[in-house]
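# Overview (structure and organization)
As a plain string of letters, each chain reads:
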Amino acid sequence: MSRTKEIIQRIIDETIEEQLKVIGVSPVSGGCIHNAQRVVTEKGDYFIKMNNASDLDMFKTEYSGLELLAGAGEIDVPEPIASGTQDGQAYLILKFIHGGPRRSTFWDDFGVALANLHKNHRNDRYGLSYNNYIGRLDQFNKFSEDWISFFIEQRMEVQLKFAFDNGYIDRAYLENCTSFYQKLPDLLPVEPPSLLHGDLWSGNFMTGEEGQPVI
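Residues numbered from 1 in each chain as written. Predicted model: local features only at pLDDT ≥ 70, side-chain atom pairs only at ≥ 80, totals over all residues. Heavy atoms only, no water.

Looking only at helices and strands, the chain has six helices and nine strands in total. Taken along its principal axes, the extent of the C-alpha atoms in the chain is 60 × 40 × 30 Å. Among the 215 residues that make up the chain, the fraction classed as buried is 34%. Taking all contacts inside the chain whose residues are at least 6 apart in sequence as the whole, residues at least 24 apart take part in 55%. Accessible surface computed for the chain: about 12,700 Å², of which carbon and sulfur atoms make up 50%. (Helix = DSSP H or I, 4+ residues; strand = E, 2+ residues; numbered from the N terminus. Buried < 20%, exposed > 50% of the residue type's maximum accessible area, 1.4 Å probe, protein only. Contact = heavy atoms within 4.5 Å. Areas by Shrake-Rupley, 256 points an atom, 1.4 Å probe, with all protein chains shown as cover.)

This is the structure in structure tokens:
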């Protein structure tokens with residue numbers, strides 16, 4: 001048995017209530033940061049992401065985000081099982097989503113589900129009760145009463161500072177962005193705070209077994 005399979009068997013033993021034998025482990029493409037695996041057991045398949053133990057907080061916040069989206073009940077989300085560490089490896093384990101052919105109403109269903117997610121799950125402030133990540137970069141979510149201020153302070157300024165400090169942009173670019181801030185109230189309509197996926201791109205949704213959208 002390979003070391004990866006041994007570690008995954010121990011993860012399954014610790015996180016799944018009934019003892020399940022791992023029959024097979026195979027890489028899953030698409031992950032650009034972590035080691036992603038499909039895990040086949042006697043009673044169903046699981047998806048596991050693994051990386052160094054220092055990445056545990058990334059998996060914990062992703063687990064919490066999936067719980068929020070799943071709890072909304074508007075669109076299918078892989079069920080989060082657990083996050084933790086095993087043998088020096090951080091992990092996140094989810095139920096595996098088996099893909100299928102896209103049904104004819106896929107895009108309409110996707111649009112309606114996202115609209116309902118945003119419309120039906122509101123908050124009184126912009127932000128989140130914990131910080132998380134965008135890729136490997138820290139993403140800060142300090143609560144704000146004002147959408148434009150939140151977008152500038154918690155999104156744009158943080159990433160621009162990172163880019164400037166690491167030499168990706170110069171001071172002139174930074175100053176141009178500061179001028180751009182003044183135009184944002186005319187460019188971004190104010191909407192009530194609502195539950196968002198936060199990083200919704202082609203790599204973060206798929207077609208489920210019944211042809212439905214899954215994020």
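Here the focus is the sheet that holds strand S5 (residues 89–95). Reading across the sheet, the five strands line up as S1-S2-S3-S5-S4 and stay open at both edges, with antiparallel pairing between neighbours. Among the strands making up the open sheet, the edge pair consists of strand S1 (22–27) and strand S4 (80–86). Pairwise comparison of adjacent strand axes, ignoring direction, gives a mean angle of 25° for this sheet. As paired elements, S4 and S5 share six bridges and run antiparallel to each other. Paired with Gly-84 across the two strands is Tyr-91, which belongs to S5. Along the sheet, helix H1 (residues 3–15) makes contact with S1, strand S2 (35–41), strand S3 (44–52), S4 and S5, crossing S1 at roughly 120°. Lying over the sheet, helix H2 (residues 56–72) contacts S3, S4 and S5, oriented at roughly 170° with respect to S4. (Pairing = 2+ DSSP bridges. Axes fitted to C-alpha atoms, helices over the stretch in contact; angles between N-to-C directions.)

A separate point is unusual backbone geometry. Phi at Asp-87 takes a positive value of approximately 55°, unusual for a residue other than glycine. Note on placement: Asp-87 falls in the loop between S4 and S5.

Turning our eyes to something else, we now look at the packing of aromatic side chains. Per the counting criterion, the structure on display carries 10 aromatic pairs. Look at Phe-106 and Phe-205: their rings are 6.4 Å apart centre to centre, the planes differ by 35°, and that puts the pair in the tilted class. Pair noted here: Phe-106 is in helix H3 (residues 106–120) and Phe-205 is in the loop between helix H6 (184–187) and strand S8 (206–207), with a separation of 99 residues, a long-range link. Judged by centre distance (5.9 Å) and plane angle (40°), the rings of Tyr-126 and Trp-147 are tilted. Placement of the pair is Tyr-126 in the loop between H3 and strand S6 (132–134) and Trp-147 in helix H4 (residues 147–165), with a sequence separation of 21 residues. A residue is classified by how much of its surface remains accessible, and Tyr-126, at 11% relative accessible area, is buried. Its end group placed over the ring of Phe-96, Arg-38 keeps NZ or CZ at 4.8 Å from the ring centre. One Lys or Arg, Lys-95, reaches over the ring of Tyr-46 and ends 4.7 Å from the middle of that ring. (Phe/Tyr/Trp six-rings, centres within 6.5 Å; stacked < 30°, edge-to-face > 60°. Lys NZ or Arg CZ within 6 Å of the ring centre and 35° of its normal.)

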